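Fold and contact review
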Amino acid sequence: MHLYDLYQTLHLLCAVIFAGAVFFEVLVIEPLEKRLPPGIAATLAEEIPRRVRVFMPVIVGILFLTGIGMFWIRYSAYTGPWHSDFFRTSFGILLSIKVSLALIVLGVFTYSIRASFKGTMDLCQFRYTHRIVATIMLGIIFLAKGMYYIHF
Ligand code: HEM
């Protein structure tokens, strides 16, 4: 087994946990909250981030570290580390767009974790953030597979 295979497996596993949590929030928890008494909905909105911030930073950390590892292996294999035409290939371009979207998600995630520590995120902001992240996540996943099939 190569290091790349290990990175790829961990990357996929962490992406499933991270993206899965976001989609579960938008598709299941959010509609459910609208049917619950307001007090319970507010408690859920407080307790979910409390639980998420225990483990999700580790998952997101592994997701990014393995992503950077794979990026580096592919980039340096292309023409050598410092003068690469990698970013002119359709794979390199689509991967770069995917990474840019991932950095936006990282920014929103970091902001949300900090806001949840300070207790400054209200229920409305909480839902809004999940919808934005879910939409960007869709783009990331289509790009992650599209970079193999789309050639230009
Ligand atoms: C929100 C963050 C991210 C998510 C949800 C995500 C998701 C994914 C998914 C689902 C795949 C396909 C894996 C497979 O089919 O086996 C993938 C592949 C890949 N990702 Fe990410 N990714 C994220 C961040 C990053 C970052 C920050 C980098 C690099 C700096 C990166 C680099 C890569 C690379 C190089 C591949 C290709 C792996 C292969 O050879 O199949 N990813 N990503």
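Residues numbered from 1 in each chain as written. Predicted model: local features only at pLDDT ≥ 70, side-chain atom pairs only at ≥ 80, totals over all residues.

1. Here we look at the overall build of the protein
When helices and strands are counted, the protein shows four helices and zero strands. Helices and strands in the protein line up, N terminus first, as α-α-α-α. Overall size of the protein, expressed as C-alpha extent along the three principal axes, is 60 × 30 × 25 Å. Within the protein, the proportion of its 152 residues that are buried is 14%. (Helix = DSSP H or I, 4+ residues; strand = E, 2+ residues; numbered from the N terminus. Buried ≥ 20, exposed ≤ 12 C-beta atoms within 10 Å, placed from the backbone.)

2. Things to note about the site of the ligand
Residues in contact with the ligand amount to 21 residues; listed here are only the nearest, A15, G67, M70, A102 and A144. Looking at the shell around the ligand, the elements that each hand over two or more residues are α1 (3–35), α2 (38–79), α3 (90–118) and α4 (123–149). When residues in the shell around the ligand are grouped by element, the largest group, seven residues, is from α2. Tallied by class, the residues present in the shell around the ligand amount to 17 nonpolar, three polar and one charged. (Near = placed C-beta within 6 Å. Nonpolar A, V, L, I, M, F, W, Y, C, P; charged D, E, K, R; others polar.)

3. Overview of α3
The terminal C-alpha atoms of α3 lie 42 Å apart, and with 29 residues this matches the ideal 42 Å at 1.5 Å per residue to within 8%. When α3 is considered as a whole, its buried residues turn out to be L94, L95, K98, A102, V105 and S112. (Expected span 1.5 Å × (residues − 1).)

4. Points about the nonpolar core
Among soluble globular proteins, nonpolar side chains are generally buried collectively. Membership of the largest hydrophobic core is limited to five residues, which are V22, A102, V105, V133 and M137. At the level of secondary structure, the elements contributing two or more residues to this core comprise α3 and α4. (Core = buried A, V, L, I, M, F, W, Y, C linked by C-beta atoms within 7 Å.)

5. As for α4
Over its 27 residues, α4 runs 40 Å from end to end, which matches the ideal 39 Å to within 8%, given 1.5 Å per residue. Taken as a whole, α4 carries its principal kink of about 25° at L143. F126, H130, V133 and M137 are the residues of α4 that are buried. (Bend = angle between axes of the 7 residues up to and from the residue.)

6. Re the environment of I93
Looking at the element boundaries, I93 is found in helix α3. Residue class for I93 comes out partly exposed when judged on the 15 C-beta atoms lying within 10 Å of it. With 54 residues separating them in the primary sequence, I93 and M147 have C-alpha atoms 8.4 Å apart.

7. Looking at the environment of S112
Along the chain, the position of S112 falls in helix α3. Spatially, the C-alpha atom of S112 lies 19 Å from that of E33, the residues being 79 residues apart in sequence. Once residues within four sequence positions are removed from consideration, S112 is found in contact with M121 and T129. (Contact = placed C-beta atoms within 7 Å.)

8. Regarding the packing of α1 against α4
Axis separation between α1 and α4 bottoms out at 9 Å; the angle between their running directions is 130°. The orientation of α1 relative to α4 falls into the category oblique. Note that α1 runs across α4; the crossing there is left-handed. Residues A19, V22, F23, E25, V26 and E30 of α1 lie in contact with α4, whose contacting residues are R127, H130, R131, V133, A134, M137 and I141. For the contact of α1 with α4, the class distribution of residues is eight nonpolar, one polar and four charged. (Axes fitted to C-alpha atoms, helices over the stretch in contact; angles between N-to-C directions. Parallel < 35°, antiparallel > 145°, perpendicular 65-115°, else oblique. Left-handed = near helix turned anticlockwise from the far one by under 90°.)

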